Amino acid sequence: GQQVMQIPQYQHVQEGEDFTTYCNSSTTLSNIQWYKQRPGGHPVFLIQLVKSGEVKKQKRLTFQFGEAKKNSSLHITATQTTDVGTYFCSKNAGNMLTFGGGTRLMVKP
Amino acid sequence: NAGVTQTPKFQVLKTGQSMTLQCAQDMNHEYMSWYRQDPGMGLRLIHYSVGAGITDQGEVPNGYNVSRSTTEDFPLRLLSAAPSQTSVYFCASSRGGAATGELFFGEGSRLTVL
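Given the structure is predicted, the values throughout are model-derived calculations rather than measurements.

1. What to know about the overall build of chain B
Alright, step 1. Within chain B, the regular secondary structure consists of 0 helices and 11 strands.
Alright, step 2. Ordered by position in the sequence, the α and β elements of chain B form the string β-β-β-β-β-β-β-β-β-β-β.
Alright, step 3. A compact globule built from 114 residues should have a C-alpha radius of gyration of about 13 Å, and chain B, at 13 Å, falls within 12% of that.
Alright, step 4. Counting only C-alpha atoms, chain B reaches 40 × 30 × 25 Å along its principal axes.
Alright, step 5. Sorting the 114 residues of chain B into buried and exposed places 49% on the buried side.
Alright, step 6. Carbon and sulfur atoms provide 51% of the accessible area of chain B, an area that totals close to 5100 Å².
Alright, step 7. With 8 positive and 9 negative side-chain charges, chain B shows a separation of 10 Å between the mean positions of the two kinds.

2. Quick notes on the interface of chain A and chain B
Alright, step 1. Contacts between chain A and chain B engage 22 residues on the former and 23 residues on the latter.
Alright, step 2. Carbon and sulfur atoms supply 56% of the area buried between chain A and chain B, which totals about 1800 Å² over both sides.
Alright, step 3. The largest contributions to the chain A side of the interface with chain B come from Asn95(A), Met96(A) and Leu97(A), which together make up 29% of the buried area.
Alright, step 4. Taken together, the links from chain A to chain B amount to 0 salt bridges.
Alright, step 5. For the side of chain A that touches chain B, the secondary-structure elements that each account for two or more residues are β4 (32–37), β5 (43–49), β9 (85–93) and β10 (96–99) of chain A.
Alright, step 6. For the side of chain A that touches chain B, the class distribution of residues is 7 nonpolar, 15 polar and no charged.

3. Details of the side chain of Ser94(B)
Residues and elements named next belong to chain B.
Alright, step 1. Residue position: Ser94 is located in strand β9 (residues 87–94).
Alright, step 2. Classification of Ser94 by relative accessible area gives buried; the value is 0%.
Alright, step 3. There is a polar contact of 3.4 Å between the side chain of Ser94 and the side chain of Thr100.

Cut-off values and rules
Residues numbered from 1 in each chain as written. Chains lettered and ligands numbered in written order. Predicted model: local features only at pLDDT ≥ 70, side-chain atom pairs only at ≥ 80, totals over all residues. Heavy atoms only, no water. Helix = DSSP H or I, 4+ residues; strand = E, 2+ residues; numbered from the N terminus. Rg over C-alpha atoms; globule rule 2.2 N^0.38 Å. Buried < 20%, exposed > 50% of the residue type's maximum accessible area, 1.4 Å probe, protein only. Areas by Shrake-Rupley, 256 points an atom, 1.4 Å probe, with all protein chains shown as cover. Lys, Arg positive; Asp, Glu negative; His and termini not counted. Charge placed at Lys NZ, Arg CZ, Asp CG, Glu CD. Contact = heavy atoms within 4.5 Å. Buried area = accessible area lost by both parts, 1.4 Å probe. Salt bridge = Lys/Arg side-chain N within 4 Å of Asp/Glu carboxyl O. Nonpolar A, V, L, I, M, F, W, Y, C, P; charged D, E, K, R; others polar. Polar contact = N/O pair within 3.5 Å; in protein donor to acceptor, adjacent residues only side chain to side chain.

Functional significance is not addressed by these values, which are geometric in nature.
Right under this line is the structure:
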């Protein structure tokens, strides 16, 4: 089963609005990763967060890792139609990399 | 570089049939893995391998076998297909393994079991 929980499961936004997805774990994580999957496509790696309280930015995307390393968020500023897709967080336990259920983002132009 | 190549892209099977999903990577990655993705669900890990000759079970290994005779190839075998195995299957590889978190995915194989 899923060992990291993602919320919300779905999100509709108007183009230009902001969007945030959250990833929560009951246990402390060594690191966390974020992936994006376009409709009909395959997951593509976005970023890895390792340090407590870490914040990283990629253009309009801001990734945060919680101080306790049990949660993370992905925030998109001023969404565009190209942001449409499902965003997954993932964690590793030993040699296993497992994924959350994902947040599906839909953007109305 | 082709990256991670999966074949076939689409397959329809009857219950009880067997088949092999092929996965090959040309990036010299030691770590390879197989996931299945069902509608509305995330990716679930089936099997993984940290190098040639080494395989291990993931979250949902029942009904699937794997082998890793070379660094490049990591086939997934369905021994006796069941409708519950209808899914999209993704193969992925990584240079640094699960610790780096950066997996490169193939384009997927869509399997339907009737």
